[in-house]
Amino acid sequence: MNHSKITKTEVLRLITIPISHYCEKVRWALELLQIQYIEEKHVPAFHRSVTHKYGGSSVPVLVTKSGNFTDSTDILHYLDTINLSGVRLYPEALELRRGVEELEELFDAKLGVDIRNWGYYYRSGDRQTMRKAWCKDTPLLERVGFEIAFPFISAKVRKLYSITAESAARSLAGIRDIFDRVDRILADGKPYLAGDKLSAADLTFAALAAPVLLPLEHPVLVSQIEELPVEMASVIKELQTTAAGSHALGLYREHRHLKRED
Ligand SMILES: N[C@@H](CCC(=O)N[C@@H](CS)C(=O)NCC(=O)O)C(=O)O
């Protein structure tokens, strides 16, 4: 699809759930490419009345004058075609570009899903934690709705993603598998996952892996490692010390210049 460059006056709208790591992927891309946007945050369950309006169900949704985009990868491709910053998330060279797209797809389809399911297994029943993760800067009515309906929303999320002790164990194995693959890509001292520049592959890996790495530069950091269940904290410490983990943490330090919002 051909899109005209964005006009200076157009401010894009990004519909999110604050803690969603797919939303963080898009937020980071928007900021890296210096594209103006407004983020509209919603509490899970309430988000659907908004995403449905724009033809989607999940978040992120990007609302633009050229149309609405309802998947993080479609959004990144769109942003890459309209941005004027000179930074490109997808390389021009065909083979390199294919490599970036394959990695992005792998991270979206497996890592993002496994990390969400593993994290929710431990945290989705904890009202205080989920208030920080889901409610920050959301509309007042939704925050009131969260307080009343938290047990139902929390149960609904666990049902939606079929979260059980067994699925959490499978998800953890899946996370370790992707980290191993990324370790192997980086094994010969490569600075980035594809080519010699930051691409959508690196950004996607770091944003989706953030909940199991806790980078300080993350805009929605809900818990310090000491506040987490011991089992979770020990996995996070293990992943932080891998080559893949240190790559993602380095990307946050070098390329995510944002003040935390809390
Ligand atoms: N493939 C989608 C996945 C997005 C996704 O799974 N979003 C989750 C939040 S992390 C969501 O909106 N879940 C609630 C729902 O599906 O209604 C993308 O990359 O945008």
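Residues numbered from 1 in each chain as written. Predicted model: local features only at pLDDT ≥ 70, side-chain atom pairs only at ≥ 80, totals over all residues. Heavy atoms only, no water.

A. Looking closely at the packing of aromatic side chains. For the structure shown, the criterion picks out 10 aromatic pairs. Measuring from ring centre to ring centre gives 6.4 Å for Trp 134 and Phe 146, while their planes differ by 85°; the resulting arrangement is edge-to-face. A residue pair is termed long-range when its members are at least 10 positions apart, and Trp 134 in helix H5 (residues 127–135) and Phe 146 in helix H6 (residues 140–160) qualify at 12 residues. Ring pairs connect the aromatic residues Tyr 120, Trp 134, Phe 146, Phe 150 and Tyr 161, which therefore count as one cluster. (Phe/Tyr/Trp six-rings, centres within 6.5 Å; stacked < 30°, edge-to-face > 60°. Helix = DSSP H or I, 4+ residues; strand = E, 2+ residues; numbered from the N terminus.)

B. Fine view of the site of the ligand. Near the ligand, the surroundings consist of Ser 20, Tyr 22, His 47, Arg 48, Ser 57, Ser 58, Val 59, Pro 60, Asp 71, Ser 72, Arg 116 and Tyr 161. Within the contact set of the ligand, an oxygen atom lies 2.8 Å away from a side-chain nitrogen or oxygen of His 47. Backbone polar atom of Val 59 to an oxygen atom of the ligand: 2.8 Å apart, as the coordinates give it. Its atoms largely coinciding with the cavity grid, the ligand occupies the largest pocket. Partitioning the shell around the ligand into residue classes produces four nonpolar, five polar and three charged. (Near = heavy atom within 4 Å. Polar contact = N/O pair within 3.5 Å; in protein donor to acceptor, adjacent residues only side chain to side chain. 1 Å grid on protein atoms, 1.4 Å probe; cavity = no way out; pocket = protein on both sides within 12 Å on 5 of 7 lines; lining within 4 Å. Sits in = over half its atoms within 2 Å of the grid points. Nonpolar A, V, L, I, M, F, W, Y, C, P; charged D, E, K, R; others polar.)

C. Spatial organisation of the sheet that holds strand E4 (residues 67–69). On the basis of which strands lie adjacent, the open sheet formed by four strands has the order E2-E1-E3-E4 and mixed pairing. Two strands bound the open sheet, and with one partner strand each, they are strand E2 (37–41) and E4. On average, each strand axis in the sheet is tilted by 20° relative to the strand beside it, whichever way the strands run. Pairing between strand E1 (residues 12–16) and strand E3 (residues 61–64): three bridges, direction antiparallel. Bridging across to E3, Arg 13 finds its partner in Val 63. Against the sheet, helix H3 (residues 72–82) contacts E1, E3 and E4, and its axis sits at roughly 35° relative to E3. (Pairing = 2+ DSSP bridges. Axes fitted to C-alpha atoms, helices over the stretch in contact; angles between N-to-C directions. Contact = heavy atoms within 4.5 Å.)

D. Fine view of the side chain of Ser 199. By the secondary structure assignment, Ser 199 is in the loop between helix H7 (165–186) and helix H8 (200–209). When sequence neighbours within four positions are dropped, the list of residues in contact with Ser 199 reads Leu 89, Val 100 and Ala 194.

E. Summary view of the pattern of salt bridges. Following the criterion strictly, the structure yields 18 salt bridges and no others. When the shortest N-O distance is used, the salt bridge between Arg 181 and Asp 177 registers 3.5 Å. Taken as a pair, Arg 181 and Asp 177 lie in helix H7 at a separation of four residues, close to a single helical turn. On the basis of relative accessible area, Asp 177 is assigned to the partly exposed category, the value being 33%. It is possible to trace a salt-bridge network through shared partners that takes in Glu 24, Arg 27, Glu 31, Glu 39 and Arg 256. (Salt bridge = Lys/Arg side-chain N within 4 Å of Asp/Glu carboxyl O. Buried < 20%, exposed > 50% of the residue type's maximum accessible area, 1.4 Å probe, protein only.)

F. Seen up close, the packing of H7 against helix H9 (residues 230–240). At their nearest, the axes of H7 and H9 sit 11 Å apart, and the two run at 10° to each other. Taken together, the axes of H7 and H9 lie roughly parallel to each other. Note on element contacts: H9 touches H7 through Val 235, Glu 238 and Leu 239, opposite Leu 172, Ile 175, Arg 176 and Phe 179. Split by residue class, the contact of H7 with H9 holds five nonpolar, no polar and two charged. (Parallel < 35°, antiparallel > 145°, perpendicular 65-115°, else oblique.)

G. Highlighting helix H1 (residues 21–32). Taking 1.5 Å as the rise per residue, H1 with 12 residues should run 16 Å; its terminal C-alpha atoms sit 16 Å apart, in good agreement. Counted residue by residue, H1 has 11 buried out of 12 residues, so it is predominantly covered. The residue sitting at the N-terminus of H1 and contributing the capping side-chain oxygen is Ser 20; that oxygen lies 3.3 Å from the backbone nitrogen of Tyr 22. Taken from the residues just after H1, Gln 34 is the one with a positive phi, measuring 55°. (Expected span 1.5 Å × (residues − 1).)

All quantities given are derived from atomic positions and should not be read as evidence of function.
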